[in-house]
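One letter stands for each residue in the lines below.
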Amino acid sequence: MMNPAIFALEKRTIMIMLTTLVVGAGILSYQKLGRLEDPGFTIKTALIVTKYPGASPAEVEEEVTDVIEEHIQSMGEVKEIYSTSEEGISYVYVDMKDHYTSGKLPQIWDELRKKVSQAELSLPEGAMKPFVNDDFGDVYGVYFAITGKGYSYADLKEYADFLKKELLLCHDVAKIDFWGTRQEIIFVETDRAKMAELGITPDSITRTLQTQLFVRQSGKVEAGNNYLRITPTGEISSEKAIASLLVGPPEKTIRLGDIGRIYRGYEDPPRNGLWFNGEPGIALGISTIEGGNVISMGESVSEKLHQLESRKPEGINLHKIYYQSDLVESSVNTFVNNLVQAVVIVVVLLMLFMGWQSGLMIGSILLLTILGTFITMALFDIDLQKMSLGALILALGMLVDNAIVIADGILVRVERGDKREHAAVEVVKENIWPLFGATLIAILAFAAIGFAPGEVGEYCRSLFDVLALSLFISWILAVTITPLFCVWFLKIPDLHNKDPFDKPFYNLYRRMLHLGLTHRWSTIGITSVLLILAIIGFGTLPQAFFPDSTQPYFFVNYWKPQGTHLDKTRQDMAIAEEQIRQIDGVKNVSAFLGEGGMRFILPYKYVTPNSSFFQLLIETDNHASIGRISSEVDRYLSENFRDAEPYLTRITNGPPVDFKVEARFRGPDTAVLHRLAAQATEIMQSTPNTRDIRTDWRQQVRVVRPVYNESQGRNAGITKLDLEASLQRNFNGVTAGTVREGDELVPIIFRMPRKERATVNELKNVQVWSSGRQSFLPLGQVVSAIETEWEWPIVQRRDRMQAVTVQCNAVSGLAEPLRQAMVKEMESIELPDGYTMQWAGEYLESNKGTGPLAQIFPLCVLGMFFILVWQFNSVKKATAIFLTVPLSLIGVTAGLLITGQAFGFMAILGFLGLSGMLIKNAIVLIEQLELDLRKGKEPYRAVLDSAVSRLRPVVMAASTTILGMLPLITDPLYAAMATTIMGGLFAATFLTLGIVPVLYTLFYRIQPDDKYV
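Presented here is an overview of the structure given in this document. Being a predicted model, the structure only gives us computed values, none of them experimental. (Residues numbered from 1 in each chain as written. Predicted model: local features only at pLDDT ≥ 70, side-chain atom pairs only at ≥ 80, totals over all residues. Heavy atoms only, no water.)

Quick look at the overall build of the chain
Basically, it comes down to this: Note on conventions: DSSP H or I runs of at least 4 residues are helices, E runs of at least 2 residues are strands, and numbering of each starts at the N terminus. In this description, contact between two residues means that some pair of their heavy atoms is separated by no more than 4.5 Å. Within this scheme the basic residues Lys and Arg register as positive and the acidic residues Asp and Glu register as negative, but His and the chain ends are omitted. A charged residue contributes its charge at one atom only: NZ of Lys, CZ of Arg, CG of Asp or CD of Glu.
When you go through the chain residue by residue, the secondary structure sums to 32 helices and 30 strands. Principal-axis analysis of the C-alpha atoms places the extent of the chain at approximately 130 × 80 × 55 Å. Counting contacts in the chain only where the partners sit at least 6 residues apart, residues at least 24 apart contribute 81% of the total. With 95 positive and 111 negative side-chain charges, the chain shows a separation of 4 Å between the mean positions of the two kinds.

Quick look at the structure:
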């Protein structure tokens, strides 16, 4: 292979053109790169919703949920199935295996739909068609609340429809959806007594409405040359027209409006509701197309809204709940500033070590590397976000390593009298493959995260991608542009032919190294003691998963006792929301009643409809004030809402975990499961520092059970179906048809007046329609008693078996120490045959993230070891280098203990990457030693000379990496990783400069010799 330095020196004009091209293309690529706050990950979950009106949770589980799960489990792509069965509805969640990418999911979803369609044939009569939602992970990053005093929900919806039509034309908009809309309904309420007096049956009213509203083809007729459509009049289009309908027997017809009240209203009780700073409204969410630019989409939407301002009705307001593009721009700008700071720190450090001219020269190589990385990021569709920009900052020190080795080698050769061009060619020739191997090893150290399956691996993948691309580019520039720049710009001090290493600093290191080599067993012993102490200290480090985000938002998840009426939940919500808005530092409060809102961030945890639930999204002035505000909110809620179960959560980096500590019991019998859950609950309650203790089945609720007497029913001509229909019509109403208004369908609900359905006390006064006798009869003639029973309102299942999860959070501190405090007692719970206990929560999610790393990293280690053996053709040298890696634990433990950081997922990534950095430094040292031996130096002199000659590049490389990461210390996501690398590299670099020579002399039995000191 041709020496690339020769090509660069011979084709200088081409190299200048290529450099200029990299600069120009890099700047353009940076401007065109997509921008996100956090990297995305594919939510490989589909949700199957099946309604089964009138069925109890247990019936839903047995007759619907189990049937659907049985058909789905035959799919080989399925990783896990879990479900929730509630009154009249089944939710089945299907997670696909981690290794399936977003490109393969559409085909998998098609297969899932086929399985669900097959299951539909086995569902009971009365169960509705299952709905498969494979857009479960869509993110609506632009999130508005539309409010207006004096405007109805219909008025707000009309304006929202107008906005949707206009905003869909904006750049990079994928789709627009609404949340919190209220279904308009025309109610027909008739007095039971009047109906009985006039002999008008409920069925006749329903039939009249349906026949008048039914649309049927009326035929066509020839008229001359035309063929005309026949359409009779008589359509129902308003409440007035409905009131004019004639009902009753032919000889006694009467206007429907004369025996009842016909009016327009809204679904009662509503499914959900939105309030923004106390004002009711509806939400509008906008999602970005895949691969779209969030910032440009947000700007396009803002511009369009400005144009439409004049067409907005007076009094209607559009509020920002969440505007991703603003947050993304701020986040990216912060990280870009951190990157600039890190570059400045590295360049200044290089100038201090090598002189201002050499420092600026290597700094320019660093900038070229960064610009080249931007080009490759654009080619591989990698956006600018926390992970990709953080990767550049992490890599800064490593990016200059290769250039430093080449520049330092040229500098030393020229100082000894060699010509610049010859020195450049020879240094590149000696170092091109060692540096290539070292670069590959540095890349392999981070490869585990690059190839790890799952959400966490996908979230962090761009970290590896950018590191690998930038390191490879740095190697290319080191062996091409760097020697050319050295020939042109490298300033060589005039040493008057003196030895460049004959300086106090180098001489001190030489003497210290000789001392360590002379007493090598003592050196190894001291190092071993430090390592043992570090291992002991490491065992005391707290464990964690991902830190919280720096976004200025947090959630209040508020639960009243299960079965609470939505109106009662709303009363609590209104009181709490008003109080919270008064707290200093709170900007806005968005309230979501009865259901979780739209997914406006990827790690949002959606809550299915529940009348006892509301969620507050609280926006603060800045994320630093969240701790104080959330403490005030928590104290206020706990003091004023004793019967509720509120808990607070922050937006997280990575997958969301609402309850940090969870123990999950699985088994066949509900009673046994709840007995086990009760024992686990007691353990959590007796463990200090716990809060938010509950189970995911919530509390049992009462059910009113009219006992149908079949013999009496037969005598009265009333079937069980008649009874159920009469009760439904009396208390909630039945759908009797729909009225079309433009593109909207308005249901007509037939029910009894308010006074006949106000409370449970009206149950005994219900009149049941007898289809046999064609008359109303008292409920008591077919019901022998009215009983009240208790039932579980929520049935949770995991992998086709019932599961109860006991949950809690820590009052303060991290979750893992809390879990450890209860592990012994929890795992001592005696489990009957067929029952299992599993830790869930943060522990399970953390294992899901680190598990794939544990599988892949050994392969990476094997790859690194193979490269070392291939490079040096020696197992001994490779082993000597690898033995230095554990030394980093000394600095890692010290750094994390001093700063109080937890050893979380990001710290694990830092620790893995640290191994590559240390091996890279050791390679540079051993390679120089081999060169000196080939030149004929005495072995011990070669050990000393090579260590001294590599002191500056190794220390410089470590220093630039350590100080370059200073801007990341304040970022919650990267703080632990930065601390891990900085502490580990600081300690291990100096230990490596002593231990590698010691191990080398031991392995090759080289004896110390004082004459070479």
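Looking at the pattern of salt bridges
We count it as follows: Throughout this description, the term salt bridge denotes a Lys or Arg side-chain nitrogen within 4 Å of a carboxyl oxygen of Asp or Glu. Exposure categories follow from relative accessible area, calculated using a 1.4 Å probe and restricted to protein chains: below 20% of the type maximum is buried, above 50% is exposed, and the middle band is partly exposed.
Scanning the entire structure with this criterion turns up 48 salt bridges. As a salt-bridge pair, glutamate 69 and arginine 797 come within 2.6 Å of each other at their nearest N and O atoms. Residue glutamate 69 is found in helix 3 (residues 57-72), and its partner arginine 797 is found in strand 28 (residues 795-798); the two are separated by 728 residues along the sequence. Of the residues examined, arginine 797 reaches a relative accessible area of 6% and is grouped as buried.

Thoughts on the sheet that holds strand 7 (residues 184-190)
The strands that make up a sheet are held in pairs by hydrogen bonds between backbone atoms, and each pair lies either parallel or antiparallel. The cut-off we apply is this: We treat two strands as partners when DSSP finds at least two bridges between them. Angles run from 0 to 180 degrees between N-to-C directions of axes, and those axes are lines fitted to C-alpha atoms, restricted for helices to the stretch in contact.
Spatial ordering of the open sheet is given by 12-7-24-23, a layout of four strands whose pairing is mixed. Bordering the open sheet on either side are strand 12 (260-266) and strand 23 (734-741), each of which pairs with just one other strand. Pairs of neighbouring strands in the sheet enclose a mean axial angle of 25°, with direction left out of account.

Notes on the packing of aromatic side chains
Test applied: Stacked, tilted and edge-to-face pairs are distinguished by plane angle, under 30 degrees for stacked and over 60 for edge-to-face with tilted covering the rest, among Phe, Tyr and Trp rings (Trp via its six-membered ring) whose centres lie within 6.5 Å. Counted as over-ring charges are cases with an Arg CZ or a Lys NZ within 6 Å of the ring centre that also lie within 35 degrees of the ring normal.
Following the criterion strictly, the structure yields 33 aromatic pairs and no others. An aromatic cluster is built from Tyr143, Trp179, Tyr322, Tyr553, Phe555, Phe592, Phe600 and Tyr604, whose rings are joined through pairwise contacts. Against the face of tyrosine 263 rests arginine 261, its NZ or CZ located 3.8 Å from the ring centre. The side chain of arginine 798 reaches across the aromatic face of tyrosine 82, ending 4.4 Å from its centre.

As for unusual backbone geometry
In this structure, proline 269 follows aspartate 268 across a cis peptide bond, with omega equal to -5°. Its location among the elements puts proline 269 in the loop between strand 12 and strand 13 (273-276). The phi dihedral of arginine 698 falls on the positive side, at around 60°, and the residue is not glycine. Counting through the fold element by element, arginine 698 comes out in the loop between strand 21 (690-695) and strand 22 (701-708).

Re the nonpolar core
Quick reminder of the rule: Within this scheme, the nonpolar core is defined by two criteria: the residues are buried Ala, Val, Leu, Ile, Met, Phe, Trp, Tyr or Cys, and they are joined through side-chain atoms within 4.5 Å.
In this structure, Phe905, Met906 and Tyr974 are the most contacted members of the largest nonpolar core, which totals 166 residues. Sorting elements by how many residues they give to this core places helix 13 (residues 386-415) first, with 20 residues. Not counting the four nearest positions on each side in its chain, methionine 906 is found in contact with Met387, Cys460, Phe546, Leu973, Tyr974 and Met977.

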